[in-house]
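The lines below spell out each chain.
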Protein chains: 2
Amino acid sequence: MAPLTLHEDPRSGNCYKIRLTAALLGVPLTTRSYDITKGETRTPEFLAQVNANGRIPVLQIGEGADARFLPESNAACWYLAHGSALIPAERFAQADMLRWMFFEQYNHEPNVATLRFWLSIMGEANLSPEQRALVGAKRAAGNAALALMDSHLAGHAFFCGDTPSLADIALFAYTHVAEEGGFRLGDYPHIQSWIARIQALSGFIPMI
Amino acid sequence: MAPLTLHEDPRSGNCYKIRLTAALLGVPLTTRSYDITKGETRTPEFLAQVNANGRIPVLQIGEGADARFLPESNAACWYLAHGSALIPAERFAQADMLRWMFFEQYNHEPNVATLRFWLSIMGEANLSPEQRALVGAKRAAGNAALALMDSHLAGHAFFCGDTPSLADIALFAYTHVAEEGGFRLGDYPHIQSWIARIQALSGFIPMI
């Protein structure tokens, strides 16, 4: 395989998803760090060479003139896990795994991850009035996402079937640090058991 | 194939994605309509039987006790297009298509689709103060998403390679009606040409 480079901020759960996928698969990955709070992913060089959308993570495949760049955390995980047991082969199961990954980006990340970023990384005192006004709605929507996950996990060991898939990795990244955003994981016992199952997987690496 | 039923609101671009995918593939689909503005997807029956997340679209596969339910528009499109030319088989191209579909749900839909819903379906006079305060930020973020698309389409006929894929269908749904949310498509000439290419595809159906 061509050499793989992850353009990342180590504090980002979206970047951790990709590192965790690579670790569970035993795939080597070089990392290059940026500080998103200092605008390091909005420089003209980054926008021209790595991602015109100015965001990390980006998975770089190959080097030099032949390098290809893949933004969006869940797409990068999909690339890494191609042909592995982390992507179910059966038609419905594969679509159902993507269903949880789209749920993660639409219902979970903008609430659970954003409140962690605002409260633990930016700091509450530095929020704008617009951000401050959104905290209540994001708290409610984040708890709704966690409740839906907890309800599903009441009857399932993992999100799709009896073995871990990319859906578990995508949802684990920000869920296991949700308390840094003010969420109470003690309210979600099935999520807590599932977190312990993920952490016990062979090859597991912690976020930081 | 088992009979397919789409639980939808016909005004929703997320639902249209699934109908358009089925039409382009020539797959028959039965539809069942709900009015989301009247809470018809939040009833106890809907939450228990169709989607515990209280949202449409949901693709139902099969009927009766064996029925399976697939929420999330892009996951439903993935199920329908399994094994077809709408999903590239090559590893990077497949991940790159998903990259645009995750971009659609994270950067495009919450801005371009939400402003259309607020301004054309709910009506500006009915917005809450919190919603009103977000219009400016959603306008800017929606225009950033459209500008990124326009820039990509300056050098490509479709989002992934020379033929249409699910990425085009996912992004077409709310882009082609973006003016209903107050966006000016005249500012994006490459998007306009791409819209015409999608509308000329064999099997194309309009949204309403």
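Residues numbered from 1 in each chain as written. Chains lettered and ligands numbered in written order. Predicted model: local features only at pLDDT ≥ 70, side-chain atom pairs only at ≥ 80, totals over all residues.

Participant: Is there a simple way to think about helix H5 (residues 129-153) of chain A in this case?
Facilitator: Since there are 3.6 residues in each turn of an α-helix, residues three or four apart along the chain are aligned in direction. Residues and elements named next belong to chain A. With 25 residues, H5 ought to run about 36 Å at 1.5 Å a step, and its terminal C-alpha atoms sit 36 Å apart, in line with that. For H5, the principal kink sits at Val 135 and spans about 35 degrees. Residues of H5 that are buried include every one of Leu 134, Gly 142, Ala 145, Leu 146, Met 149 and Leu 153, and no others. Looking at the packing, one finds that the buried side of H5 touches helix H4 (91-123), helix H6 (166-175) and helix H7 (189-199). (Helix = DSSP H or I, 4+ residues; strand = E, 2+ residues; numbered from the N terminus. Expected span 1.5 Å × (residues − 1). Bend = angle between axes of the 7 residues up to and from the residue. Buried ≥ 20, exposed ≤ 12 C-beta atoms within 10 Å, placed from the backbone. Contact = placed C-beta atoms within 7 Å.)

Participant: How should I be thinking about the relation of the copies chain A and chain B in this particular structure?
Facilitator: The operation relating the pair of chain copies consists of a rotation about an axis and a translation along that axis. When chain A is fitted to chain B, the best match, at an RMSD of 0.0 Å, comes from turning it 180 degrees and sliding it 0.0 Å along the axis. Taken together, the rotation and translation describe the operation of a two-fold axis. When C-alpha positions in chain A are compared against the rotation axis, the closest is assigned to A:Tyr106, at 3.1 Å. (Least-squares fit on C-alpha atoms with pLDDT ≥ 70 in both.)

Participant: I would appreciate a short explanation of the interface of chain A and chain B in the present structure.
Facilitator: When the parts of a complex come together, some accessible area is lost, and that lost area is often taken as the interface size. Taken together, the contacts link 27 residues of chain A with 27 residues of chain B. At the level of secondary structure, the elements contributing two or more residues to the side of chain A that touches chain B comprise strand E4 (68-71), helix H3 (73-81), H4 and H5 of chain A. The element contributing the most residues to the side of chain A that touches chain B is H4(A), with 10 residues. For the side of chain A that touches chain B, the class distribution of residues is 16 nonpolar, five polar and six charged. (Nonpolar A, V, L, I, M, F, W, Y, C, P; charged D, E, K, R; others polar.)

Participant: What's the story with the nonpolar core in this structure? I'm lost.
Facilitator: It is characteristic of soluble globular proteins that their nonpolar side chains tend to be buried jointly. Formed by 110 residues in total, the largest nonpolar core has its most connected members in A:Leu166 and B:Leu166. Here B:Leu166 is in contact with B:Thr21, B:Cys77, B:Trp78, B:Ala81, B:Leu86, B:Ile87, B:Met97 and B:Met101, once residues within four sequence places are set aside. (Core = buried A, V, L, I, M, F, W, Y, C linked by C-beta atoms within 7 Å.)

Participant: Any chance you could explain the packing of H4(A) against H6(A) here in plain terms?
Facilitator: Helix packing geometry: the angle between the two helix axes and the distance between the axes. All names here are of chain A. At a minimum axis separation of 9 Å, H4 and H6 run at an interaxial angle of 5 degrees. When the axis of H4 is compared with that of H6, the two are roughly parallel. Within the contact between the two elements, H4 uses Met 97, Trp 100, Met 101, Glu 104, His 108, Glu 109, Val 112, Ala 113 and Arg 116 and H6 uses Leu 166, Ala 167, Ala 170, Leu 171, Tyr 174 and Thr 175. (Axes fitted to C-alpha atoms, helices over the stretch in contact; angles between N-to-C directions. Parallel < 35°, antiparallel > 145°, perpendicular 65-115°, else oblique.)

Participant: So what exactly am I meant to see when it comes to helix H3 (residues 73-81) of chain B here?
Facilitator: The buried count for H3(B) comes to nine of nine residues, which makes it a mostly enclosed element. Taken together, the buried positions of H3(B) are B:Ser73, B:Asn74, B:Ala75, B:Ala76, B:Cys77, B:Trp78, B:Tyr79, B:Leu80 and B:Ala81. For H3(B), the elements touching its buried residues are H4 of chain A together with helix H1 (13-25), strand E3 (58-61), strand E4 (68-71), helix H4 (91-123) and helix H6 (166-175) of chain B. One or two residues past the end of H3(B) sits B:Gly83, with phi positive at roughly 80 degrees.

Participant: Got a minute to help me understand the packing of H3(B) against H6(B) in this structure?
Facilitator: Residue and element names in this part refer to chain B. Two elements in contact, H3 and H6, have axes whose closest approach is 11 Å; the angle formed by their N-to-C orientations is 145 degrees. Of the two elements, H3 crosses H6, and the hand of that crossing is right-handed. Between H3, through Asn 74, Cys 77, Trp 78 and Ala 81, and H6, the contact on the second element is made entirely by Leu 166, Ile 169 and Ala 170. Looking at the contact of H3 with H6, its residues break down into six nonpolar, one polar and no charged. (Left-handed = near helix turned anticlockwise from the far one by under 90°.)

Participant: Help me out: how do you make sense of the pairing of strand E1 (residues 4-8) of chain A in this one?
Facilitator: Where a strand is regular, its side chains alternate between the two sheet faces. All names here are of chain A. Counting buried positions over the five residues of E1 gives four, a clear majority of the element. Where E1 meets strand E2 (residues 30-33), four bridges bridge the pair, whose relative direction is parallel. Within E2, the residue paired with Leu 6 across the bridge is Thr 31. Crossover connection from E1 via helix H1 (residues 13-25) to parallel E2: handedness right-handed. (Pairing = 2+ DSSP bridges. Right-handed = clockwise from strand over helix to strand, strands pointing away.)

Participant: Can you walk me through the domain arrangement of chain A in this structure?
Facilitator: Residues and elements named next belong to chain A. Split into domains, chain A comes out as domain 1 (4-81) and domain 2 (91-199). Relative to domain 2, the C-alpha centre of domain 1 lies at a distance of 21 Å. At the level of elements, H1 and H3 are the ones that each hand at least two residues to the side of domain 1 that touches domain 2. Of the residues that constitute the side of domain 1 that touches domain 2, the class distribution is five nonpolar, five polar and two charged. (Domains from an automatic or database assignment.)

Participant: Hey, could you run me through the environment of A:Trp118 in this one?
Facilitator: Its location among the elements puts A:Trp118 in helix H4. With residues near it in sequence (within four places) discarded, A:Trp118 still touches A:Leu127 and A:Gln131.

Participant: Whenever I open this one, the sheet that holds E4(A) confuses me. Can you help?
Facilitator: Hydrogen bonds along the backbone pair up the strands of a sheet, which may run parallel or antiparallel. Residue and element names in this part refer to chain A. On the basis of which strands lie adjacent, the open sheet formed by four strands has the order E2-E1-E3-E4 and mixed pairing. Edge positions in the sheet fall to E2 and E4, since each of these pairs with one other strand and no more. Neighbour-to-neighbour, the strand axes of this sheet turn through a mean angle of 25 degrees, independent of strand direction.

Participant: Explanation requested: the sheet that holds strand E1 (residues 4-8) of chain B in the structure shown.
Facilitator: The sheet built from four strands is open, its strands ordered E2-E1-E3-E4 (chain B) with mixed pairing. Every interior strand has two partners, whereas the edge strands, strand E2 (30-33) and E4 of chain B, have only one. The average angle at which neighbouring strand axes cross in this sheet is 25 degrees, direction not considered. Each of E3 and E4 of chain B is contacted by H4(A), which is oriented at about 40 degrees to E4(B), the strand it contacts most.

Participant: What exactly am I supposed to notice about the environment of B:Thr41 here?
Facilitator: By the secondary structure assignment, B:Thr41 is in the loop between E2 and helix H2 (44-49). In this structure, the C-alpha to C-alpha distance between B:Thr41 and B:Trp100, residues 59 residues apart in sequence, is 28 Å.

Participant: What is the right way to read unusual backbone geometry from this model?
Facilitator: All names here are of chain A. Going from Ile 56 to Pro 57, the amide bond is cis rather than trans, its omega being 5 degrees. Inspection of the secondary structure assignment puts Pro 57 in the loop between helix H2 (44-49) and strand E3 (58-61). At Glu 72, a residue that is not glycine, the phi angle is positive and equals roughly 75 degrees. Checked against the element boundaries, Glu 72 lands in the loop between E4 and H3. A count of 27 C-beta atoms within 10 Å places Glu 72 in the buried class.

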